[in-house]
Amino acid sequence: MSAEGGAGAPPVALVAGASSGIGAAVARRLAARGSAVALVGRREAELKEVAESIRAASGTALPLALDLAEEGAPADAVAMTAAALGPVGLLVCSAGAIRLAAVHETEERHWERQLRVNLTVPFLLAREVLPGMRERGCGWVVNIGSGVGSEVVPGSGGYGVSKHAVHRLTELIHEENRDRGVRAVTVAPGWVSTRLAARPADLGVPEEEVLDAEDIADTVAWLLDRPARMSVGPLIRVEPTASRAAAGDAMTRHLNRSRAEGAGRAAEENR
């Protein structure tokens, strides 16, 4: 099996945002499929835990504790991966920042952080790996987007805007590189049970109706098994079956609940 679409060893993978949630699940799945995986994220202790779990299953993992939003960090991550494991043949961007608010309530620093992490970092990482992929005639760029990026969800703020933009970034990468053997896809999940998302119980939704990180790892693995002649995407939405677990509706209810709780606390403090 080779995610690069030909014979030989699976490609070296770099997973951004690999310390927890979707990124960690995807990293473990890629390692189980035979890829040497660079794990990139800010939380060093958690990265090491993911790396140890991969090594315990006889996989190869390189934890790189970097804040990819920092100047030069994406280039450093790619260079360090290449030096230790070989050139990156599979890039997965799962790092994310989220701060829900209406546009008029959004602070500039929160807006800038979300656009930097959710959009600029995938661009910078892709810019680093694409020349080598084009030269070798094979490679994958997989961005983890969001169903919210395909909808207009009031209160999604910089998160919704940045995820919508990363969908277009992926489309550009796809069109510019499809004749060079490089495939680009955005996997856009709906509501996934991670620590960045609302808790299902808080919104009256059974846990089993919400996606989990392994569902997204399964989707990425399925993508990589498509033959080289097949183009899938470049946008693939993965949603819960139950309508009450729809991402946009859940985000709206979560934001309304948070506002109501905030107003309640303010009223108590002013008594």
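Procedures and definitions
- Residues numbered from 1 in each chain as written.
- Predicted model: local features only at pLDDT ≥ 70, side-chain atom pairs only at ≥ 80, totals over all residues.
- Heavy atoms only, no water.
- Pairing = 2+ DSSP bridges.
- Helix = DSSP H or I, 4+ residues; strand = E, 2+ residues; numbered from the N terminus.
- Axes fitted to C-alpha atoms, helices over the stretch in contact; angles between N-to-C directions.
- 1 Å grid on protein atoms, 1.4 Å probe; cavity = no way out; pocket = protein on both sides within 12 Å on 5 of 7 lines; lining within 4 Å.
- Points joined across faces, edges and corners; volume = space filled by probe spheres on them.
- Nonpolar A, V, L, I, M, F, W, Y, C, P; charged D, E, K, R; others polar.
- Salt bridge = Lys/Arg side-chain N within 4 Å of Asp/Glu carboxyl O.
- Buried < 20%, exposed > 50% of the residue type's maximum accessible area, 1.4 Å probe, protein only.

Chemist: Help me out: how do you make sense of the sheet that holds strand β6 (residues 182–189) in this one?
Modeler: The pairing of strands in a sheet happens through backbone hydrogen bonds and is either parallel or antiparallel. One open sheet accounts for seven strands, arranged β3-β2-β1-β4-β5-β6-β7; its pairing is parallel. The sheet is open, and its two borders are formed by β3 (61–65) and β7 (235–238), each paired with just one other strand. Pairwise comparison of adjacent strand axes, ignoring direction, gives a mean angle of 20° for this sheet. Strand direction decides the pairing type here: strand β2 (residues 37–41) and β3, joined by five bridges, are parallel. Paired with valine 40 across the bridge in β3 is leucine 64.

Chemist: Please clarify how the layout of surface pockets should be interpreted in this entry.
Modeler: Empty pockets left among the atoms are what a rolling probe the size of a water molecule brings to light. Here the largest pocket defines a volume of roughly 1200 Å³. Lining of the largest pocket is provided by 46 residues; of these, Gly96, Ala97, Ile98, Thr194 and Leu196 occupy positions nearest its centre. Broken down by secondary-structure element, the contributors of at least two residues to the lining of the largest pocket are α1 (21–32), β2, α4 (108–136), α5 (157–177) and α7 (247–269). If you tally residues by element for the lining of the largest pocket, the top one is α7, at seven residues. A breakdown of the residues in the lining of the largest pocket according to their chemical character gives 24 nonpolar, 14 polar and eight charged.

Chemist: What exactly am I supposed to notice about the pattern of salt bridges here?
Modeler: Pairs can form between side chains of opposite charge whenever their charged atoms are close. Inspection of the entire model under this criterion finds 14 salt bridges. One salt bridge in this structure joins arginine 33 and aspartate 225, with 3.0 Å as the shortest N-O distance. Taken together, the positions of arginine 33 in the loop between α1 and β2 and aspartate 225 in the loop between α6 (213–224) and β7 put the pair 192 residues apart, joining distant regions of the chain. Relative accessible area serves as the criterion here: at 18%, arginine 33 is assigned to the buried category. Classification of aspartate 225 by relative accessible area gives partly exposed; the value is 40%. Of the charged contacts, one joins arginine 168 and glutamate 171 as a salt bridge, the two residues approaching to 2.7 Å between their closest N and O atoms.

Read these as spatial facts, not as claims about activity.
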